[in-house]
Amino acid sequence: MASDSLVTGRPALQRESHFQPEHKESWLMAFRKALRRTAVVGGGAVAAAFGLSQLMEYRKAQARLAHVAAEAEVKVPYADELPSRQTQLEALRDTPEFDVLVVGGGATGAGCALDAVTRNLKTALVERSDFSSGTSSRSTKLIHGGVRYLQKAIMKLDYEQYMMVKEALHERANLLEIAPHLSAPLPIMLPVYKWWQLPYYWAGIKMYDLVAGIHCLKSSYVLSKSKALELFPMLKKDKLVGAIVYYDGQHNDARMNLAIALSAARHGAAVANYTEVVSLLKSKDQQTGKERVCGARCRDIITRQEFDVRAKCVINATGPFTDSLRQMDKQEISNICQPSAGVHIVIPGYYSPDNMGLLDPATSDGRVIFFLPWENMTIAGTTDTPTNVTAHPIPGEDDINFILREVRNYLSPDVEVRRGDVLAAWSGIRPLVTDPNSKDTQSICRNHIVSISDSGLVTIAGGKWTTYRSMAEETLDAAIKSHSLSAEPCRTVGLMLEGAKGWTPTLYIRLVQDYGLEKEVAQHLASTYGAKAFDVAKMAKVTGQRWPIVGKRLVSEFPYIEAEILYAIKEYACTAIDVIARRTRLGFLNVQAADEALPRIVHIMGKELNWTQEKRTEELEAAKTFLYHEMGYRSRSEQLTKTSEINLDYQEVVRYKNRFHKFDKESKGFITTVDVQRVLESINVQIDENALHEILNEVDLNKNGQVEIDEFLQLMSAVKKGQVSDSRLAILMKTAEETLDIRGPVTVDRSGGGV
């Protein structure tokens, strides 16, 4: 872009050649002097060149937006109410032929469906699991251009990576505009510990602002050491020189993905989750005699019924499973995707400020680690390691500990980063586009490709979350051209997503005033559902309390309410996992809290969907398995096992044995819920019996319904080492010991616990 601007400037210089020599010489001297000055202040000449290109881009963007605005409003057939999943399945079965069938309900697939349907193409989308059940719900939650990609682009003079960053920054601005309830700008601090790094990082971050151009969220700035510590008090002080703060976007990724899919459904696309492709349908082209893909044989995962969905064009947007669908088309074809696993962890919110993230630009192995506030918690990640494709990736203990070590390097020694503070952990598989022979995924650019097979299967592979819309536009452009479809121009720039129209930053106040919701709950509903929050509030039941009037929480420390389960069913939630992982984000924030909420979630869904008792038990077990393996609950169990060493000194052993014996009055060598309940009653503490069973079960390693003295000492040793934090039993027994001589109510709340 910069070179084009310079080229267009040449004729002007040639036209001025009739100037007198002295005038020309003085003009050149002035120009050189100005150039030297701009070079001193950090590359003004480059800025001018970029400025011209950005002005051209701005005018193009404005013209395009004006074109969209001038178009007749896009039809929204289901503006009032979404069609049910059953209705969508009937549309898939009964429609003679769609223009486009999209396979895959992640961000890219949903984006393709929305792009297609708003071009007046008859559109279908099928997803074998739930919308955003894969990579799209397991991201770093950032909407960004990629600071590290820009660094690589500059260092390696890689124009392709530069253009990818530029495109992503444009898409970042669009996404923040079309879903303001689900996204917002986030300042991110880059701490600097060596003086020479300050100008180096400053130049790089300023270049990031420069490339963003008119789409720059806010200008980056430099902080002194004292100011950096004021804004991020948890930061390590030793050798800190200063910090640089820049801005990127942050979003609720699963809800954003769902908003795209629901927007497509409202505009008339037939979308269905839990509908898998069994095989591709093919027919012979009458003109060429070649086989062409003309649809797919699909199966409803829930009912196991199979049916054909015919379409002029089939788009493969299956992320890490791209090659599986391509091989349905042609078995001998080589792979174009190399999967890479990225692990993230969630730790308590007190590890980071409420509105300031942290970037570690160079970890011990050369990766980049983000440390960000998200949903009142702190998210840290990610790793980048080769992996096999699986629908159920599991976070590894090595990756979790790697992230914790890197976090410790940047936080003050006063802040003890404990393994037991990990509340949830997950692994996501990135569908990186690469040479099949490449083994180094860290050097791979997350760019995308659009390919069309000989039989007409359109594949979109690679890319990143932020650029889903432009990827979808490019894919549909290619599909329309290759399949000679009659379609309107792309209309998704500036097209507001589900819940965005009518949302304002103060909408939550109306929810509080009109419905009597708690402020925290109202803010959560507004930031999750946008203007649709009123529909959720209408479904909330009266609490029977003075305040809040409506809105019973699923768990005490999170603002999710029971009405959201009912609304989730309207949003095509079919399983308890859909609710804890993607309609709410409880499973991603705290697996122990999610586990606690599961029985109530299954009960409400079972009643609404007429589940049998067998089905309810099946759903409960499936959700627990999901939390145990995919959300890091297993890691908590592994921190405290029957073989755990007891690493306590003599005095600690004596103290903890004395505490144990206050509950084990008969010196049995173990305690049960009866023993604990008896002590609690003596100090006027009331705890639900089921909750008490859960508390003891966390420490009952051999699952015999009782906690032995050795199990208790193992627990206290694990607490001491930081492997387990905020154990409910440990806190409960300590509280009871300290208050045995006090008569009066003592509140013992659920502590939150780690995994």
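Note that this is a predicted model, so its numbers are computed, not measured. (Residues numbered from 1 in each chain as written. Predicted model: local features only at pLDDT ≥ 70, side-chain atom pairs only at ≥ 80, totals over all residues. Heavy atoms only, no water.)

**A look at the overall build of the protein chain**
Then, number 1: A count of helices and strands for the protein chain gives 27 helices and 20 strands.
Then, number 2: Taken over 755 residues, the protein chain has a buried fraction of 55%.
Then, number 3: Of all intrachain contacts in the protein chain linking residues separated by at least 6 positions in sequence, the fraction that spans at least 24 positions is 73%. (Helix = DSSP H or I, 4+ residues; strand = E, 2+ residues; numbered from the N terminus. Buried < 20%, exposed > 50% of the residue type's maximum accessible area, 1.4 Å probe, protein only. Contact = heavy atoms within 4.5 Å.)

**A look at the pattern of salt bridges**
Then, number 1: Under the definition given, this model contains 42 salt bridges.
Then, number 2: A salt bridge links R585 to D253, with the shortest nitrogen-to-oxygen separation between them at 2.8 Å. Of this pair, R585 sits in the loop between α18 (576-583) and α19 (586-589) while D253 sits in helix α10 (residues 253-266); the two residues are 332 residues apart in sequence, bridging distant segments of the chain. Both residues of the pair, R585 and D253, belong to the buried class. (Salt bridge = Lys/Arg side-chain N within 4 Å of Asp/Glu carboxyl O.)

**A word on the pairing of strand β10 (residues 306-316)**
Then, number 1: By the bridge criterion, five bridges tie strand β1 (residues 98-103) to β10 in an arrangement that is parallel. Across the sheet, residue F98 finds its bridge partner in β10, namely A311.
Then, number 2: Taken together, the five bridges between strand β9 (residues 291-300) and β10 define a ladder with antiparallel strand orientation. Paired with C298 across the bridge in β10 is F307.
Then, number 3: In textbook terms, the turn of a hairpin is the stretch between consecutive antiparallel strands, and for β9 and β10 this stretch comprises five residues, one of which, R304, has a positive phi near 70 degrees.
Then, number 4: Note that β10 and strand β18 (residues 458-462) share two bridges and pair parallel. What sits directly across from N316, in β18, is T459. (Pairing = 2+ DSSP bridges.)

**Quick word on the UniProt feature "domain: EF-hand" (unreviewed entry) in the protein chain**
Then, number 1: Mapped onto the present numbering, the UniProt feature "domain: EF-hand" (unreviewed entry) falls at residues 651-686 and 687-722.
Then, number 2: Taken end to end, residues 651-686 comprises 58% helix and 6% strand; its first and last C-alpha atoms sit 31 Å apart.
Then, number 3: With 61% helix and 6% strand, the stretch residues 687-722 has end C-alpha atoms that lie 27 Å from each other. (UniProt positions renumbered as here; feature names shortened; annotations may be inferred.)

**A few points about the side chain of R266**
Then, number 1: One can find R266 in helix α10.
Then, number 2: Of the polar contacts made by the side chain of R266, one reaches the backbone oxygen of A79; its length is 3.2 Å.
Then, number 3: Ignoring sequence-local partners within four residues, the contact set of R266 consists of V76, P77, Y78, A79, D80, E81, L82, E498 and K532. (Polar contact = N/O pair within 3.5 Å; in protein donor to acceptor, adjacent residues only side chain to side chain.)

**Notes on the packing of helix α23 (residues 650-661) against helix α27 (residues 728-738)**
Then, number 1: Interhelical geometry of α23 versus α27 gives an angle of 80 degrees and a closest axis separation of 10 Å. The orientation of α23 with respect to α27, classified from their angle, is roughly perpendicular. Counted together, R655, R659 and F660 of α23 and M733, K734 and E737 of α27 form the full contact between these two elements.
Then, number 2: Taken together, the residues of the contact of α23 with α27 break down into two nonpolar, no polar and four charged. (Axes fitted to C-alpha atoms, helices over the stretch in contact; angles between N-to-C directions. Parallel < 35°, antiparallel > 145°, perpendicular 65-115°, else oblique. Nonpolar A, V, L, I, M, F, W, Y, C, P; charged D, E, K, R; others polar.)

**Brief notes about unusual backbone geometry**
Then, number 1: Note that the residue after G381, namely T382, is joined by a cis bond; omega there is 20 degrees.
Then, number 2: Assignment of secondary structure puts T382 in the loop between β14 (377-381) and β15 (385-386).
Then, number 3: A cis geometry characterises the amide bond from W547 onward to P548, with omega recorded as -5 degrees.
Then, number 4: Examined against the element boundaries, P548 turns out to sit in the loop between α16 (533-539) and α17 (563-570).
Then, number 5: Positive phi outside glycine occurs at N376, with the angle close to 65 degrees.
Then, number 6: You can see N376 is positioned in the loop between β13 (369-374) and β14.
Then, number 7: For N376, a relative accessible area of 66% corresponds to the exposed category.
Then, number 8: Although it is not a glycine, S667 sits at a positive phi angle of roughly 55 degrees.

**Some remarks on the side chain of H267**
Then, number 1: With respect to the helices and strands, the residue H267 is situated in the loop between α10 and β7 (270-272).
Then, number 2: What makes H267 buried here is its relative accessible area of 11%.
Then, number 3: For H267, the side chain forms a polar contact with the main-chain oxygen of S263, separated by 2.7 Å.

**Description of the pairing of strand β4 (residues 183-192)**
Then, number 1: Within β4, eight of the ten residues are buried, leaving the element largely enclosed by the surrounding structure.
Then, number 2: Pairing between β4 and strand β6 (residues 242-251): ten bridges, direction antiparallel. By the bridge assignment for β6, A184 is matched with Q250.
Then, number 3: As defined by bridge partners, β4 adjoins strand β12 (residues 357-360) across two bridges and the pair is classed as parallel.

**Considerations on the packing of aromatic side chains**
Then, number 1: Scanning all chains against the criterion turns up 14 aromatic pairs.
Then, number 2: An aromatic cluster of three or more residues is present, and its members are W196, Y200 and Y201.
Then, number 3: Against the face of F588 rests R585, its NZ or CZ located 4.5 Å from the ring centre.
Then, number 4: Positioned above the aromatic ring of W611, the side-chain terminus of K615 is 5.6 Å from the ring centre. (Phe/Tyr/Trp six-rings, centres within 6.5 Å; stacked < 30°, edge-to-face > 60°. Lys NZ or Arg CZ within 6 Å of the ring centre and 35° of its normal.)

**Points about the nonpolar core**
Then, number 1: If you look at the biggest cluster of nonpolar residues, it comprises 65 residues, and the most contacted ones within it are I188, Y246, F370, F558, L586, I601 and L627.
Then, number 2: Looking at which element gives the most residues to this core, the answer is helix α20 (residues 591-609), with nine residues.
Then, number 3: In contact with Y246, other than residues within four places in its own chain, are V147, L186, P187, I188, I205, Y208, S220, L359 and F370.
Then, number 4: Of all hydrophobic cores here, the second largest spans 45 residues; its members include V102, L121, C313 and I480. (Core = buried A, V, L, I, M, F, W, Y, C linked by side-chain atoms within 4.5 Å.)

**As for a nonpolar patch on the surface**
Then, number 1: Taken together, the side chains of I154, M155, W196 and Y200 define a hydrophobic patch exposed on the protein surface, amounting to about 470 Å² of accessible area.
Then, number 2: Relative to the helices and strands, M155 is located in helix α6 (residues 147-155). (Patch = residues over 30% accessible without salt bridge, like charges linked within 9 Å, V, L, I, M, F, W, Y side chains within 5 Å. Areas by Shrake-Rupley, 256 points an atom, 1.4 Å probe, with all protein chains shown as cover.)

**Observations concerning α6**
Spacing of three or four residues puts side chains on the same side of an α-helix, whose turn is 3.6 residues.
Then, number 1: Among all positions of α6, only V147, Y149, L150, K152 and A153 are buried.
Then, number 2: Where α6 is buried, its residues meet α7 (159-178), α8 (197-212) and β6.
Then, number 3: One or two positions beyond α6, positive phi appears at L157, with a value near 50 degrees.

**Quick word on the state of the cysteines**
Then, number 1: Enumeration over the complete set of coordinates arrives at zero disulfides.
Then, number 2: Free of any disulfide, C313 has its nearest cysteine sulfur in C112, 9.5 Å distant. (Disulfide = S-S within 2.5 Å.)

**Comments concerning the packing of α6 against α8**
Then, number 1: Put simply, α6 and α8 touch, their axes get as near as 10 Å, and they point 100 degrees apart. With respect to each other, α6 and α8 are oriented roughly perpendicular. Contacts between α6 and α8 involve V147, L150, Q151, I154 and M155 from the former and Y200, G204, I205, M207, Y208 and V211 from the latter.
Then, number 2: For the contact of α6 with α8, the per-class residue count stands at nine nonpolar, two polar and no charged.

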